[in-house]
Amino acid sequence: MYRLSVFVLQFLILIIALTFIFTNPFIISLDIGNLKYSFSSNLLSVVFISFIFLLYLVFYLFFRSRLSLGKYLLKNKYNKIERGYLHFVDAMIAVANKDNKTALKSHKKMVSYLKDDPSLSLLLKAEVLKIEKKFPELNNVYEDMIKSKKTETLGYRGLMEQNLRNQDYHHAFLYGEKLFSINPNIEKLYDTLIFIAAKTKNWNQIVLLSDKAFSHKIISKNDLNENKSVGFYEIAKIKYDSDIKDSLKNILKALDLKKNFPPYVKLHLEIIAGLNDKRNLKKLIKKYWILNPSSLLRSIIIKILNDNDLSEIKFINEIINNNAREEESKKLLIYFAIKNSNWEVARKNISGMIGVNPSKEICYFMSDIELGENNDKQKSDAWIMRAENASIEDTWICRISNQTQDEWSTLSNSGNYNSLVWTTHKMLRQNNN
């Protein structure tokens, strides 16, 4: 309303001014050389108004035509983009169908329409080169991709995967780390980097990457503790020969994150033994057995006790004092009773454990007892034969490859990261049945 009022007011002032000029004409005289020109002010007003109108008309036509031309150019540009995208779609469909000839043809047409946007061209070219397995040329495409903000993540991911394929884990990690800094939420990127770090024994990076991933809410608290504990455990192993006290600090960090995990316990006990601290070693053996009397821990403690001359029956009874009735405690006592030729203790504790289908381990215990106590080779061999058909014992098994191994390791023998579980081998169990 305000703008309309201003316009009406300006129009009225203009009408009043023109009316005043035309109703009060006057003569204008000009002397040019020897000639004198006289004309009415009304004529000058008409010429001036005509000039203004003509100027307005020229500007109107100019901007109108320019606007029309701009609309035409814009429409033409969008038509080209549309055609370019259509050829891109055709090319991607051809790539999916492994029709390289059509893909290349559509790619060329796409490039002619999308000259100002090389990102799609690079993406399509990369897909075609993957199918053709032209990996050197593919590397060049990925290098071009990382030069643009639009495609840098695709470029770094492609270069990481290429180096992984070539088992160049050092460069794969460098490109993956750069990609992680740009976008840590890319699916499975964290897991890939952890695997590469493990392959290259870059344990400090596992700790650092896990902290970053947790801060970005990529992994849970449990996964954080799991992976950091692996890092500290491996660092402790490395430090064992060069700085045993630093090794102790790192294994304690690992055990704080993953409490009572037998492989960590094993290294902890080995470090204490390496420090010649038998008093603390005895204390820790008792502590760990109270917390987790398992078959795996039993095998670890047996080795530690044998290596450090701590196999007296008196000390074994001290170890199992708090859980002497448990099966694993009895087995620990039986093992050392046999070792110390204490056949009375061995028979007393094994008597209630034989049953109808004794385990392989019980069969071997009985074989040793019969041979050691009575020198009965026939009964001893009979127990060995029975052991061959006994139930399968637990072992370390890779949950990915299903391969077994005797010792736990961060990378399984089949090359998988943190994939080992202590259980009965399914295939062996099926064959046994």
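Conventions adopted
- Residues numbered from 1 in each chain as written.
- Predicted model: local features only at pLDDT ≥ 70, side-chain atom pairs only at ≥ 80, totals over all residues.
- Heavy atoms only, no water.
- Helix = DSSP H or I, 4+ residues; strand = E, 2+ residues; numbered from the N terminus.
- Buried < 20%, exposed > 50% of the residue type's maximum accessible area, 1.4 Å probe, protein only.
- Contact = heavy atoms within 4.5 Å.
- Areas by Shrake-Rupley, 256 points an atom, 1.4 Å probe, with all protein chains shown as cover.
- Phe/Tyr/Trp six-rings, centres within 6.5 Å; stacked < 30°, edge-to-face > 60°.
- Salt bridge = Lys/Arg side-chain N within 4 Å of Asp/Glu carboxyl O.
- Polar contact = N/O pair within 3.5 Å; in protein donor to acceptor, adjacent residues only side chain to side chain.
- Patch = residues over 30% accessible without salt bridge, like charges linked within 9 Å, V, L, I, M, F, W, Y side chains within 5 Å.
- Core = buried A, V, L, I, M, F, W, Y, C linked by side-chain atoms within 4.5 Å.
- pLDDT = per-residue confidence, 0-100.

Visitor: Break down the overall build of the protein for me, with residues and values.
Guide: Looking only at helices and strands, the protein features 20 helices and five strands. A buried classification covers 36% of the 433 residues belonging to the protein. Expressed as a percentage of contacts within the protein between residues at least 6 apart in sequence, the contacts between residues at least 24 apart total 48%. Total accessible area computed for the protein in this model is approximately 27,100 Å², and 55% of it derives from carbon and sulfur atoms.

Visitor: An account of the packing of aromatic side chains is requested, with residue identities and associated values reported.
Guide: Here the structure, examined in full by the defined rule, presents 10 aromatic pairs. Measuring from ring centre to ring centre gives 6.3 Å for Y169 and F195, while their planes differ by 80 degrees; the resulting arrangement is edge-to-face. You can see Y169 sitting in helix α7 (residues 169-182) and its partner F195 sitting in helix α8 (residues 189-199), a full 26 residues away along the chain. For Y169, a relative accessible area of 17% corresponds to the buried category. On the basis of relative accessibility, which here comes to 25%, the residue F195 falls in the partly exposed class. Each ring, one from Y264 and one from W408, has its centre 6.2 Å from the other, and the planes form 85 degrees; the classification is edge-to-face. Taken as a pair, Y264 in helix α12 (residues 262-274) and W408 in the loop between β4 (404-405) and β5 (420-423) lie far apart in primary sequence, 144 residues in all.

Visitor: Go over the pattern of salt bridges, please, and point to the residues and values.
Guide: Inspection of every chain in the model, using the stated rule, returns 18 salt bridges. Linking D256 and K259 is a salt bridge whose minimum nitrogen-to-oxygen distance equals 3.4 Å. In terms of burial, D256 and K259 fall into one category: exposed. Of the charged contacts in the structure, one is a salt bridge between K331 and E361, with a shortest N-O distance of 3.5 Å. Taken together, the positions of K331 in helix α16 (residues 327-339) and E361 in helix α18 (residues 360-374) put the pair 30 residues apart, joining distant regions of the chain.

Visitor: How would you explain the environment of R386 if you had to name every residue and give the values?
Guide: Within the secondary structure, R386 sits in helix α19 (residues 377-388). For the pair R386 and C363, spaced 23 residues apart in the sequence, the C-alpha separation amounts to 6.7 Å. Not counting residues up to four positions away in its chain, the partners in contact with R386 are G355, V356, P358 and C363. Of note is the side chain of R386, whose polar atom sits 3.0 Å from the backbone oxygen of V356.

Visitor: I'd love a proper account of a nonpolar patch on the surface, names of residues and values included.
Guide: A contiguous nonpolar patch, built from M1, L4, V8, L12 and I16 and spanning about 560 Å² of accessible area, is present on the exposed surface. Mapped onto the fold, L4 is located in helix α1 (residues 2-23).

Visitor: Residues and numbers for the nonpolar core, please.
Guide: Counting residues in hydrophobic clusters, the biggest one holds 88 residues, and the most contacted among them are I251, Y264, L305 and I319. When sequence neighbours within four positions are dropped, the list of residues in contact with I251 reads Y233, A236, Y264, L267, H268 and I271.

Visitor: Can you explain the confidence of the model for the protein? Please cite residues and give values.
Guide: Confidence in the prediction of the protein, expressed as mean pLDDT, is 84, and 80% of residues score 70 or more. Looking across the protein, the model is least confident in helix α20 (residues 426-432), with a mean pLDDT of 44, and most confident in helix α11 (residues 244-257), with 97. Overall, residues 427-433 carries pLDDT values under 50, and its contacts beyond four positions in sequence, including any with other chains, amount to seven contacts.

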